[in-house]
Amino acid sequence: MAAAGGAALIASSVLAGCGSGDGGITINVYKYPQQNFQKIVDKCNAQADGYRIEYHKLPREADGQREQMVRRLAAGDTGMDVLALDVTWTAELAEAGWIKEFTGEAKSRVEDGTLETPLETARYEGRLYGAPDNTNVQLLWYRGDLVPTPPKTWHEMIEMGSRLQNDGDDRTPGLVAAQGKQYEGLVVLYNTLVNSTGGRILDESGTKAVVDDGAVKALEVLEEFADSDVVDPSFSNAVEDDARLSMENGKAAFQLNWPYVYAAAQAKPDLAKNLKWAPYPSVDGGAAKVTVGGINYGVSAFTEHAEESFDAVLCLRSAENQKFAAINDGVPPTIESVYEDPEMAEPYPMKEAILETLKNASSRPVTPAYQNVSTVISTILSPPADIDPRGTADRLRTGLQDALDSKGVLP
């Protein structure tokens with residue numbers, strides 16, 4: 001793994017060589033508050049030559065991160081060099097001309113060994129504008145003491161939950177917890193269902209609203225789930241932590257959530273010993289195409305130190321540093337070889353399920369107008385129990401096209 005990541009940095013012509021990193025150039029990296037990221041910065045500074053990386057913490061919430069960066073990029077601020085970007089921002093910033101394309105050796109190094117779906121989130125119009133740092137996919141989490149064999153489809157999951165409720169006593173949960181609040185989590189849930197049916201929300205150019213039959217089928221599944229007797233009553237207002245707490249408090253037998261719930265469950269030994277995981281349920285029995293999250297490093301178009309910035313990116317997201325971040329901060333790597341490292345086994349016992357899911361994963365619609373697209377989807381789908389599949393699809397198609405064409409007022 002070191003040959004594929006950390007040690008290869010030294011051999012690459014992209015690097016000027018080994019050094020103390022105490023040169024006169026400062027590479028300013030802007031990233032969300034990641035607990036152990038400064039240690040990664042320190043490692044890269046120890047081997048950098050002619051520059052020093054400085055870590056600037058952005059707000060914790062994605063909206064606050066985007067607001068700060070967009071304002072400064074729009075002003076042509078030269079004080080930002082490397083930017084940690086949500087996977088949904090690539091098209092917007094690339095279209096605006098605010099981030100640089102990865103080319104040549106830097107492009108080859110980023111693409112080598114990186115999982116394809118995270119790479120897709122860093123591309124726009126066939127060009128690479130980001131270097132995937134970490135990724136994320138949801139899994140199906142379930143109570144092993146109640147569920148011997150996990151369900152493979154949404155229909156099976158609803159049936160199992162209903163059976164648990166009918167056959168058990170008041171202390172036997174059958175509920176399924178997920179994210180249904182009017183926010184990005186609901187968009188992620190719907191997008192996963194759409195991609196799992198082979199449907200489309202937008203066309204490949206990102207300029208036309210499609211909302212095809214597969215997208216309608218996804219609406220049917222979402223409405224059936226939201227209106228079932230096993231959905232958590234708080235579903236229409238639930239975010240990730242609400243789903244996690246529902247299971248931790250003994251109310252849910254199933255939850256659809258990110259891998260962070262495993263570490264959180266260790267504080268509850270009775271739950272931790274019974275907490276199991278499986279691939280995300282599919283619509284028709286095939287592999288679900290789960291929506292990826294994560295962060296890509298971009299290089300500001302206004303940096304005065306482009307060469308050093310690309311060099312810093314290659315170090316910050318190396319295989320060695322991705323493994324460190326996975327073990328210490330719980331963020332899934334984007335470099336496939338990291339999952340094979342023996343040291344990943346204990347902190348990431350679900351790593352095989354994550355890797356399997358990532359190999360079948362999908363991205364969100366690619367468009368410079370993604371923020372508007374997300375707002376329209378979450379508004380029209382809320383609350384999910386009120387979905388009328390055909391009627392809701394028509395509203396989505398009209399609302400999304402207006403958003404893409406910058407017509408009217410966003411909801």
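Structural data are supplied above this passage.
Residues numbered from 1 in each chain as written. Predicted model: local features only at pLDDT ≥ 70, side-chain atom pairs only at ≥ 80, totals over all residues. Heavy atoms only, no water.

## Focus: the environment of Ile 380
1) Next: In this fold, Ile 380 is placed in helix α16 (residues 370-380).
2) Next: Setting aside chain neighbours within four positions, we find Ile 380 in contact with Thr 392, Arg 395 and Leu 396. (Helix = DSSP H or I, 4+ residues; strand = E, 2+ residues; numbered from the N terminus. Contact = heavy atoms within 4.5 Å.)

## Structural notes on the side chain of Thr 114
1) Next: Within the secondary structure, Thr 114 sits in the loop between α5 (104-111) and α6 (116-121).
2) Next: Classification of Thr 114 by relative accessible area gives buried; the value is 9%.
3) Next: A polar side-chain atom of Thr 114 sits 2.5 Å from the main-chain carbonyl oxygen of Val 110.
4) Next: Excluding residues within four positions of it along the chain, Thr 114 makes contact with Leu 119, Pro 132, Arg 317, Thr 334 and Ile 335. (Buried < 20%, exposed > 50% of the residue type's maximum accessible area, 1.4 Å probe, protein only. Polar contact = N/O pair within 3.5 Å; in protein donor to acceptor, adjacent residues only side chain to side chain.)

## Brief notes about the packing of helix α7 (residues 154-167) against helix α9 (residues 213-226)
1) Next: Remark: α7 packs on α9, axes separated minimally by 11 Å, with the N-to-C direction vectors making an angle of 5°. Classified by the angle between their axes, α7 and α9 sit roughly parallel to one another. Counting all contacts with α7, which are made through Trp 154, His 155 and Ile 158, the residues of α9 involved are Val 221, Glu 224 and Phe 225. (Axes fitted to C-alpha atoms, helices over the stretch in contact; angles between N-to-C directions. Parallel < 35°, antiparallel > 145°, perpendicular 65-115°, else oblique.)

## Points about helix α13 (residues 306-316)
1) Next: In terms of burial, α13 is largely enclosed, as 8 of its 11 residues are buried.
2) Next: Within the sequence span of α13, burial applies to Ser 309, Phe 310, Asp 311, Ala 312, Val 313, Leu 314, Cys 315 and Leu 316.

## Some points on the state of the cysteines
Two cysteines, two sulfur atoms, one covalent bond between them: this is a disulfide.
1) Next: The full count for this structure, using the stated rule, is 1 disulfide.
2) Next: The disulfide partner of Cys 44 is Cys 315, and the gap between their sulfur atoms is 2.1 Å. As the torsion about the S-S bond is roughly -100°, the Cys 44-Cys 315 disulfide counts as left-handed. Taken together, the residues span a long stretch of sequence, with Cys 44 in helix α2 (residues 37-47) and Cys 315 in helix α13 at a distance of 271 residues. We note that Cys 44, like Cys 315, is buried. (Disulfide = S-S within 2.5 Å.)

## So, unusual backbone geometry
1) Next: Look at the link from Ser 382 to Pro 383: it is a cis peptide, with omega at -5°.
2) Next: Among the secondary structure elements, Pro 383 is positioned in the loop between α16 and α17 (389-404).
3) Next: With phi around 50°, Glu 125 is a residue other than glycine that occupies positive phi space.
4) Next: One can find Glu 125 in the loop between β4 (123-124) and β5 (127-128).
5) Next: Assessed through its relative accessible area of 65%, Glu 125 is described here as exposed.
6) Next: One non-glycine residue with positive phi stands out, namely Ser 406, at about 55°.

## Quick word on the sheet that holds strand β8 (residues 175-177)
1) Next: Reading across the sheet, the 4 strands line up as β8-β9-β7-β10 and stay open at both edges, with mixed pairing between neighbours. In this open sheet, the two edge strands, each paired with only one partner strand, are β8 and β10 (275-278). Across this sheet, the average inter-strand angle for adjacent strands is 25°, counted without regard to direction.
2) Next: Bridge analysis of strand β7 (residues 139-143) against β10 gives 4 bridges, and the strand direction is antiparallel. For Tyr 142, the partnering residue across the bridge sits in β10 and is Lys 276.
3) Next: Sitting on the sheet, helix α10 (residues 240-248) touches β7, β8, β9 (252-257) and β10, and the angle it makes with β9 is about 155°. (Pairing = 2+ DSSP bridges.)

Geometric values such as these leave the question of function open.
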